[in-house]
Structure formats: structure tokens, C-alpha cells
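This is what each chain is made of:
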Amino acid sequence: MKVLIVNNMAPFVWGGAEELAANLERNLILAGHQAEILRVPFQWEPAEAIPTQMLMMRAFELWNVDRVIALKFPAYLIRHPHKTLWLVHQYRQAYDLFDAGQTNLPPGEQGEALRSMIREADQQAFAEMRSIYTISDVTKARLARYNGREANVLVPPVNDPERFIGGESQGYVLAAGRVNAMKRQHLLVEAMRYTSPKTKLLVAGPPDSAADADALQRLVDQHDLGDRVKLDLRFLSRDEYAAYVNGAQAVAYVPYDEDALAYVTMEASQAGKALISACDSGGVLGLARHGETGWVAMPHPEALAGVLDQAFADSRRTQAYGDGARERLHAMDINWPSTVGMLLQ
Amino acid sequence: MNIVIFAPGLKASAIGRMTGLLVRELSAQGHTVVLIRSEEKVLLSAVPQSFSVEVIDWLQTSAVDAACAQADAIVHQIGDNYHYHYGSLEWLSKYPSVVCLHDFYLGNLFFQWAQTHMAEAEQALLHWYGAGSNKKFFEYSHRQDFIELTCAAMPMTEWLCAMASAVITHSSWGIKRVLDSCAGPVRAVPLAYEVPAWDGESAVSNAEAHADGEPFNILTIGNVNANKRAASVIRALAQSEKLRRSAVFRLVGQCDTLKALELSALARNLGVNLVISGPVDDDVLAVIVRGADVVSCLRWPSLEAASASAIEAMLHCKPVVVTNVGFYREIPSDHVVHIDPDNEIDSLCKALEWLHAEPEARLALGRRAQAWASQQFTAAGYCRALLGVVDDMHMAAPILHSMRFFAQALSDWKTDTRWLGTSLALDPIRSLLGTTA
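Source: prediction; values computed, not measured.

How each quantity is defined
- Residues numbered from 1 in each chain as written.
- Chains lettered and ligands numbered in written order.
- Predicted model: local features only at pLDDT ≥ 70, side-chain atom pairs only at ≥ 80, totals over all residues.
- Helix = DSSP H or I, 4+ residues; strand = E, 2+ residues; numbered from the N terminus.
- Buried ≥ 20, exposed ≤ 12 C-beta atoms within 10 Å, placed from the backbone.
- Contact = placed C-beta atoms within 7 Å.
- Pairing = 2+ DSSP bridges.
- Axes fitted to C-alpha atoms, helices over the stretch in contact; angles between N-to-C directions.
- Parallel < 35°, antiparallel > 145°, perpendicular 65-115°, else oblique.
- Nonpolar A, V, L, I, M, F, W, Y, C, P; charged D, E, K, R; others polar.
- Right-handed = clockwise from strand over helix to strand, strands pointing away.
- pLDDT = per-residue confidence, 0-100.
- Core = buried A, V, L, I, M, F, W, Y, C linked by C-beta atoms within 7 Å.
- Domains from an automatic or database assignment.
- Arc of directions from axis to C-beta.

1. Regarding the overall build of chain B
Link 1 in the chain: Counting its secondary structure elements, chain B contains 20 helices and 13 strands.
Link 2 in the chain: The buried share among the 437 residues of chain B stands at 45%.

Below is the structure:
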């Protein structure tokens with residue numbers, strides 16, 4: 001079967017959705033299909049240019065494609081008679097982020113018109129889908145709440161579980177993944193002001209912008225945390241990244257309302273590492289369970305400082321939480337062969 | 001080129017007669033033409049004029065589909081007469097077509113079509129003329145002054161032209177509404193008209209006859225209704241002692257009894273010699289036209305894209321008085337006498353007095369008009385322009401297709417398009433379409 005994965009593209013930005021598409025392609029091929037990714041540029045600033053990009057997406061003519069698997073707005077607007085949605089997210093600035101006052105849509109009548117248009121376009125696109133899956137319970141709930149659409153959750157599997165074998169702690173809590181304000185690594189750095197001197201933090205991953213990197217570095221300098229906070233802000237190879245995970249005392253991931261379980265937490269769980277998260281971190285909380293797989297704190301530096309210290313206070317308990325995270329992940333039975341099978345059903 | 005033309009086949013239809021000219025010219029140029037009669041069912045049993053090409057009734061669905069499928073161009077000749085253009089309205093939206101628009105005002109056509117398409121009709125009114133227009137139009141339709149009430153604000157030009165892939169009009173005065181509604185090419189092309197044999201001698205003899213004290217004959221041709229201004233002609237003649245004594249005002253064409261009584265009473269009261277001849281056949285009409293000293297083609301309001309009676313009169317070498325409005329305003333001022341619509345009766349009285357007093361000037365005016373009209377209103381010129389518009393339509397087709405696609409998507413998304421007027425939103429689409437429109 002010829003399967004086209006359709007996704008957005010922001011040139012020179014690579015994150016979870018891009019990783020998901022690439023691994024879906026790889027696993028479709030492993031399952032005996034022909035698979036390719038169509039990446040279409042999408043830029044949400046300025047908001048006035050969004051309708052044109054939606055129209056362009058809608059105007060594409062696809063042929064020689066048996067199935068389409070679409071991941072994101074506006075990629076899922078593409079026309080095809082056999083289209084499956086594996087929803088990473090809608091245009092959240094028109095939905096929950098709008099309600100939260102975090103939208104980039106202009107205020108007043110213009111913004112309302114644009115929001116209404118995006119929602120109508122979504123409704124039309126969702127009605128065209130042969131099946132709808134979401135990557136997490138959070139995405140599923142958002143889809144049900146705002147679009148009245150039911151969906152099944154298909155959590156994206158870890159792509160290379162063999163790398164995440166765990167290992168002896170090297171004495172740091174790892175904060176991994178893309179670095180930006182929404183991922184809130186700055187909360188963890190600020191928390192380090194209030195932690196025990198023996199607590200150490202390693203922030204590792206590619207910053208979305210130079211400003212994101214500078215902001216973290218300033219915090220470290222400002223609070224004189226250089227001896228206990230290490231910043232390795234760059235794109236890491238899978239080997240480098242896995243070594244950081246495997247050597248961590250625990251793995252902290254505190255984004256604001258993440259859509260999915262998140263690769264960082266899944267890979268940490270696979271490695272048997274205790275998880276630290278925040279109570280408003282969304283889909284991540286599917287794995288991060290307070291007192292079961294790790295710690296869930298309020299999204300404030302002082303509260304996070306407490307749980308960072310906890311990770312070092314009792315290593316046996318920390319390891320028990322890590323084991324619990326691995327068990328919970330495995331109980332979810334998330335693997336690529338069954339995921340591919342569901343998507344092509 | 002294979003060309004399908006939808007038009008009335010009846011000889012009684014001026015549009016049908018004009019189409020006959022086109023068909024002959026296109027055939028002479030080597031094109032294959034199929035004529036599809038567009039009259040409503042009850043009229044299709046009447047024998048059509050001889051077109052010398054294959055003629056199909058619009059009701060013969062398979063045959064029409066087959067002809068259209070093979071056609072390089074589909075053309076609809078349409079005016080404001082529902083009975084004559086019923087079939088065109090049935091087929092127009094099914095194939096991309098050129099509409100040759102004979103009337104800018106289409107209120108009567110629309111009104112009668114609306115009786116069986118009320119939901120679509122109301123939607124069209126709301127779309128083109130805004131809130132409340134759907135109610136107003138049909139309220140006005142019960143009134144005698146329906147045309148006057150709707151011709152400026154709701155002429156329904158846009159409704160028809162929006163269904164066309166290209167439009168040919170026969171003058172420029174009402175073209176803005178066409179341009180606003182037809183996404184494809186639009187061109188103003190002079191109406192094709194059959195040039196009669198040179199009639200200069202009869203015009204001369206008629207001028208001389210008048211000099212010997214014969215009546216001064218003023219003629220108006222066509223269905224007698226308020227917008228042909230017969231009452232104004234009577235009042236203008238009454239204003240002049242000389243004209244009252246010497247002029248005979250003849251009306252040729254359908255005239256209902258009430259109108260005839262009303263005009264007769266007015267003429268009698270004002271001492272004007274009025275003759276109401278009713279409808280006549282072509283031969284009689286030719287004799288009457290030849291005998292006329294002046295042809296009055298006054299119109300208010302002006303509804304036509306072009307006036308067949310004015311063209312015919314000019315081709316017959318007759319001096320013509322016209323209202324300075326619409327199509328008539330586009331006729332050069334040394335070929336007709338323009339009458340000021342705001343000072344109609346005085347202006348007309350002066351013009352008729354001058355024409356009455358100056359037979360040589362009358363003849364010279366007629367000859368200039370004839371020379372101009374015989375160059376202007378030709379079937380060859382019309383066909384040349386029509387084929388050019390067909391080429392333009394084919395070139396525009398991909399752009400129109402894209403525009404329709406985008407418009408449909410925006411409509412499906414219930415987009416408030418007022419907001420899309422920014423260059424940020426539209427420039428990329430313009431780039432894609434390769435247009436600055």
C-alpha cells in the first residue's frame with residue numbers, strides 16, 4: 001500500500017511531531033508498505049496569513065496515493081478519499097489556548113472571523129476522515145470538547161527502546177527535549193535556587209531560539225548555579241541523548257499542558273527512571289504519577305525544588321518509582337506494529 | 001470550430017433574427033453551428049426561421065448534451081423575455097458558456113424564473129442587493145411601475161452574468177454590473193444587424209414629398225409601453241403649431257387596449273394626429289419605415305444593451321431621435337439627435353421642429369447614420385469579436401477554475417470574507433492565479 005504521511009514543516013525546526021512522522025514512515029516501510037512524508041510549510045505568524053495557507057493545503061491534488069495519514073493543522077485539510085487523522089493537535093490558538101488568553105489571533109471581529117473559519121475548516125476535515133486517532137487522552141478530550149468528535153487514543157511508541165536500558169545514576173536530574181518557554185525548563189533552573197547543594201540538574205536539548213538559550217544561561221549566571229546546573233543546549237545525537245537518560249537519577253519534564261505522553265517521559269520510563277512533572281503538564285501525567293512513578297508538583301520553583309531534592313533523598317525509592325514508570329509504560333502495550341495496523345485499518 | 005448557440009428560433013424574436021445572421025456568418029466562415037431553440041415548451045411547436053444548420057430543442061436532453069460535449073464554444077443569446085429564453089436558463093449553468101446579453105435589465109426574466117425557483121431567487125437577491133431586497137423585489141412586482149422601481153437598484157444583470165464564463169454586451173453603459181458579476185472576460189460588441197438594400201433614394205423622395213406639403217411622418221416601433229415615451233412625443237408635437245398641423249405620429253407594434261385608449265385620448269385632447277397601427281409583418285414594416293421622416297427611439301428608463309429599432313432606422317437612412325442615455329448615448333451625436341431626458345418634451349419639440357424645417361439636414365443626418373451603422377452593426381464584426389471572446393474564455397478557464405475552488409472552500413468554511421481583504425491574505429492567492437485582479 002502507498003501511504004503518504006502529511007505533516008507541517010517549519011524550516012530547520014525538528015521536534016516531536018517531526019520525529020513522529022519520521023518514525024511512522026520507517027515503521028510503515030518495515031510493515032511492508034511504501035511510505036513517504038509530505039511536509040508543507042506552515043507559519044502561524046502573522047495570523048492574517050493563515051487562511052491562505054489553509055487554502056493552499058486544500059488545493060493540493062494527490063494521486064498515486066492509497067492512504068493519507070495526517071497529523072496536524074492545517075496539513076489535515078488536504079483532500080484525499082481515504083484519509084486517516086492521527087491528531088497531534090489542532091490549531092490550539094483557536095481552541096484551548098484562545099480560552100486561556102494565549103492566542104495569536106487578533107482581537108475583535110477579525111480574530112473571531114478567523115477562529116470561526118479555522119473551526120469550520122476543521123469540522124469539514126474531520127468529517128472527511130475515515131478514522132480519527134489522537135496521540136493522547138489530552139488531545140482526545142480537546143477534540144471531544146471543542147469539535148464534538150470521538151476518537152481513539154494511539155500513543156506514539158518509543159522508536160528505539162533498545163537504547164533506553166537504564167543504568168547507574170551519575171547524580172543529576174535530566175531535563176531533556178526542545179527548550180522553549182512552553183516546556184518551562186526555566187522553572188527547574190529557578191527551582192535549583194531552593195534545592196539541597198547535592199542536587200544537580202542537567203538541561204539538554206535544542207533551544208527553539210537563541211533567546212530561549214540565553215534566558216536559561218542568564219538564570220544560571222544570575223543565581224550562581226553554574227556548579228550544579230549544566231546546560232547542554234544543542235541537538236543531541238540519539239546516542240548522546242540515550243546516555244544522558246540512562247545516567248540520570250530521575251527525569252524531569254514540566255511543559256505546560258503537553259498534548260501527549262511525550263517522548264521524553266516515555267523514553268525515561270523505558271529506561272526505568274523516576275519521573276518529575278507538574279500538575280498542569282497535560283498528557284505527560286498519563287505516565288508521571290505522584291508516589292507511583294515519580295513526583296508531580298505545583299508548577300512553581302519552590303514546589304519543584306522539593307521534589308528535585310526528593311529524587312536524591314532516597315535512591316531506593318527513586319529506583320522503585322523508575323521501575324513503576326517502566327511497568328506502567330509496558331502495561332500500555334504501545335508498539336509500532338499494532339499502531340501501524342490500527343492506522344491502516 | 002464547433003459552436004452551439006442557444007437562442008429563440010422564432011422569427012418573431014429579434015434576438016432569434018439576429019442569431020440567424022450570426023449562424024449564417026459563422027457557417028460561411030467554415031464553422032459548424034448547432035442551434036438549440038431556447039423558447040419555452042409551448043412555443044417550440046411553432047415553425048422556426050430557417051437557420052440552415054442543425055436545430056435542436058432544448059428539451060432534447062441527450063442531443064443537447066451530445067452537442068455541448070463536442071462544442072468548442074457554447075453561446076447563449078439572452079434578453080429579458082422568459083418565454084424566449086426558458087431553455088437557456090435550464091442549461092446555462094451546466095456548461096461553461098458565453099452569454100450575449102441583449103438587455104442589461106433582466107427583471108422580467110428573473111421574476112418569472114423565480115416563480116419556480118423561489119429559494120434560489122431570494123438567495124440571488126440577497127447576495128447581489130443586500131438585506132430586504134428579496135422582499136422588496138417581489139412587492140414591486142405587483143405594481144405597474146415594477147420596471148421603474150427595479151431597473152436602477154435590482155436589474156438582475158448580476159444574477160445572469162454570474163452564471164456566464166464570458167459575456168458579450170452590446171453597449172458599455174451598464175457594463176459595470178456585468179464586470180462585477182462575471183468572473184471571465186467581458187466585451188462590448190456592437191449588435192449584428194442585417195443591412196437592408198441602400199435606401200437613400202426613398203429617403204430623398206420622402207424628403208421632397210414632405211416639401212410639397214405631405215404629412216411629416218414620425219414613427220415609433222415596438223411594443224407600446226411607457227418607456228417608449230409615446231405620450232411625450234404627443235406632448236412635444238402639441239407644443240408646436242406647425243407640427244400639430246403637419247405631423248402624423250405612428251405607433252407600430254403591440255399595444256394593449258387600455259394604452260391605446262389612453263394615448264388616443266391624449267392626442268385627441270391636444271390636437272395631435274396619432275395613428276396606432278398595431279403589429280405588422282416585416283414587409284409592411286419596411287414600407288412604413290421607408291415612409292417615415294423621423295423615427296423616435298426615446299426610452300426612459302433605458303433597459304436595452306442595444307436597440308434594434310434604432311439600428312434598423314439608421315440602416316434605413318432615417319433621422320432618429322433618441323434619449324441621451326444608455327446605449328443611445330453611445331451613438332455619435334452627429335448621427336442621431338439626442339434628447340435631454342431631464343427636459344424631454346421641450347428638447348424633443350425643438351428637435352422635431354428643426355427636422356421638419358430642414359429636409360436636407362434630415363437627409364444628411366440619415367445618410368451619416370446609415371454609413372456609420374452599416375459599418376458598426378455587422379455580423380462579420382460580431383462573429384470576429386465572439387470568437388475572440390471564446391479564445392479569452394478558454395485562456396481564463398484555469399484561473400476561473402482556481403478562483404471557484406478557493407471561493408467554494410471559503411464558503412464551505414463559512415468564512416467572513418470581509419476580513420480577507422488584506423494583502424497578506426490575498427497576495428499569495430493572486431500570485432498563484434497569476435493575476436492582479
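Once you've had a look at it, read on.
2. Focus: the overall build of chain A
Link 1 in the chain: Scanning chain A for helices and strands turns up 12 helices and 12 strands.
Link 2 in the chain: In chain A, which comprises 345 residues, the proportion classed as buried is 47%.
Link 3 in the chain: Across chain A, the fraction of contacts at a sequence separation of at least 24, relative to all contacts at a separation of at least 6, is 68%.

3. Focus: the sheet that holds strand β8 (residues 216–221) of chain B
Residues and elements named next belong to chain B.
Link 1 in the chain: Ordered in space as β10-β9-β8-β11-β12-β13, the 6 strands form an open sheet in which the pairing is parallel. Both edges of this open sheet fall to β10 (273–278) and β13 (337–339), since each of them pairs with a single strand only. Within this sheet the neighbouring strands show an average axis-to-axis angle of 25°, counted without direction.
Link 2 in the chain: Relative to strand β9 (residues 247–252), β8 runs parallel, the two sharing 6 bridges. Among the inter-strand pairings, Leu219 is bridged to a residue of β9, identified as Arg250.

4. Some remarks on the packing of helix α11 (residues 230–238) of chain B against helix α13 (residues 257–270) of chain B
Residues and elements named next belong to chain B.
Link 1 in the chain: Relative to each other, α11 and α13 sit at 5°, their axes nearing to 10 Å. Between α11 and α13, the interaxial angle falls into the category roughly parallel. Of the residues in α13, those in contact with Ala230, Ala231, Ile234, Arg235 and Ala238 of α11 are Leu263, Leu266, Ala267 and Leu270.
Link 2 in the chain: Of the residues that constitute the contact of α11 with α13, the class distribution is 8 nonpolar, no polar and 1 charged.

5. A few points about the packing of helix α1 (residues 14–28) of chain B against helix α19 (residues 379–412) of chain B
Residues and elements named next belong to chain B.
Link 1 in the chain: As a packed pair, α1 and α19 sit with axes 9 Å apart at the nearest point and diverge in direction by 75°. The orientation of α1 relative to α19 falls into the category roughly perpendicular. On the side of α1, the interface is formed by Leu21, Leu22, Glu25 and Leu26, while α19 contributes Ala379, Ala380, Tyr382 and Cys383.
Link 2 in the chain: Taken together, the residues that form the contact of α1 with α19 break down as 7 nonpolar, no polar and 1 charged.

6. Looking at the pairing of strand β2 (residues 34–41) of chain A
Link 1 in the chain: In the sheet, strand β1 (residues 2–9) of chain A pairs with β2 of chain A via 8 bridges, with the strands oriented parallel. Across the sheet, residue Ile5 of chain A finds its bridge partner in β2 of chain A, namely Ile37 of chain A.

7. So, the pairing of β1 of chain A
All names here are of chain A.
Link 1 in the chain: Here β1 lies mainly inside the structure; 6 of its 8 residues are buried.
Link 2 in the chain: Once the chain exits β1 it traverses helix α1 (residues 16–30) before rejoining the sheet at β2, and the crossover so formed is right-handed.
Link 3 in the chain: Where β1 meets strand β3 (residues 67–72), 4 bridges bridge the pair, whose relative direction is parallel. Following the sheet pairing, Val6 is matched in β3 by Ala70.

8. A few points about unusual backbone geometry
Link 1 in the chain: Cis geometry marks the peptide bond from Phe73 of chain A to Pro74 of chain A; its omega dihedral reads -5°.
Link 2 in the chain: Relative to the helices and strands, Pro74 of chain A resides in the loop between β3 and β4 (83–89).
Link 3 in the chain: Cis geometry is found at the peptide bond from Trp300 of chain B to Pro301 of chain B, where omega equals -5°.
Link 4 in the chain: In this structure, Pro301 of chain B sits in the loop between β11 (294–297) and α15 (308–315).
Link 5 in the chain: In this model, Met156 of chain B sits at a positive phi of 65°, which is unusual for a non-glycine residue.
Link 6 in the chain: Relative to the helices and strands, Met156 of chain B resides in the loop between α7 (146–150) and α8 (157–161).

9. A few points about the confidence of the model for chain B
Link 1 in the chain: Taken residue by residue, chain B gives an average pLDDT of 91. The fraction at 70 or more is 92%.
Link 2 in the chain: Across the whole predicted complex the pTM is 0.67, and at the interface the ipTM reaches 0.71.

10. A word on the nonpolar core
Note on soluble globular proteins: their nonpolar side chains tend to be buried together.
Link 1 in the chain: Core analysis: the biggest nonpolar cluster contains 124 residues, and Val98 and Val321 of chain B have the highest contact counts within it.
Link 2 in the chain: When residues of this core are assigned to domains, at least three fall in each of domain 1 (2–106 + 155–188) and domain 2 (201–377) of chain B.
Link 3 in the chain: Beyond its immediate sequence surroundings of up to four residues, Val321 of chain B is in contact with Val294, Ser296, Cys297, Leu298, Val336, Val337, Ile339, Leu348 and Ala351 of chain B.
Link 4 in the chain: By size, the runner-up hydrophobic cluster in this structure holds 109 residues, among which are Ala21, Met57, Ala271 and Ala297 of chain A.

11. Some thoughts on the sheet that holds strand β10 (residues 250–252) of chain A
All names here are of chain A.
Link 1 in the chain: The 6 strands lie next to each other as β9-β8-β7-β10-β11-β12, forming an open sheet whose pairing is parallel. Sheet topology places β9 (229–232) and β12 (294–297) at the edges, where each strand pairs with a single neighbour. Across the sheet, the mean angle from the axis of one strand to that of its neighbour is 20°, orientation sign disregarded.
Link 2 in the chain: Pairing of β10 with strand β11 (residues 274–278) involves 3 bridges; the strand directions are parallel. Bridging across to β11, Val251 finds its partner in Leu275.
Link 3 in the chain: Sheet strands in contact with helix α8 (residues 238–246) are β7 (173–176), β8 (201–204) and β10, and its direction is about 145° off that of β7.

12. Section: the environment of Val284 of chain A
Residue and element names in this part refer to chain A.
Link 1 in the chain: Along the chain, Val284 turns up in the loop between β11 and β12.
Link 2 in the chain: On the basis of neighbour count, Val284 is assigned to the buried category, with 26 C-beta atoms found within 10 Å.
Link 3 in the chain: For the pair Val284 and Asp137, spaced 147 residues apart in sequence, the C-alpha separation works out to 9.9 Å.
Link 4 in the chain: Beyond its immediate sequence surroundings of up to four residues, Val284 is in contact with Tyr253, Pro255, Glu258, Leu261, Ala262, Thr265 and Ser277.

13. A look at helix α12 (residues 336–343) of chain A
Residues and elements named next belong to chain A.
Link 1 in the chain: Residues of α12 that are buried include every one of Thr339, Val340 and Leu343, and no others. Taken end-on, α12 shows its buried residues confined to a sector of 95°, consistent with a single buried face. The outward face of α12, more than 90 degrees from its buried face, is lined by the exposed residues Pro337, Ser338 and Gly341.

14. Some points on the environment of Lys273 of chain A
Link 1 in the chain: In this fold, Lys273 of chain A is placed in the loop between α9 (263–270) and β11.
Link 2 in the chain: Beyond its immediate stretch of four places on either side in the chain, Lys273 of chain A contacts Gly166, Val245, Ala248, Ala250, Val251, Ala268, Gly322 and Ala325 of chain A.

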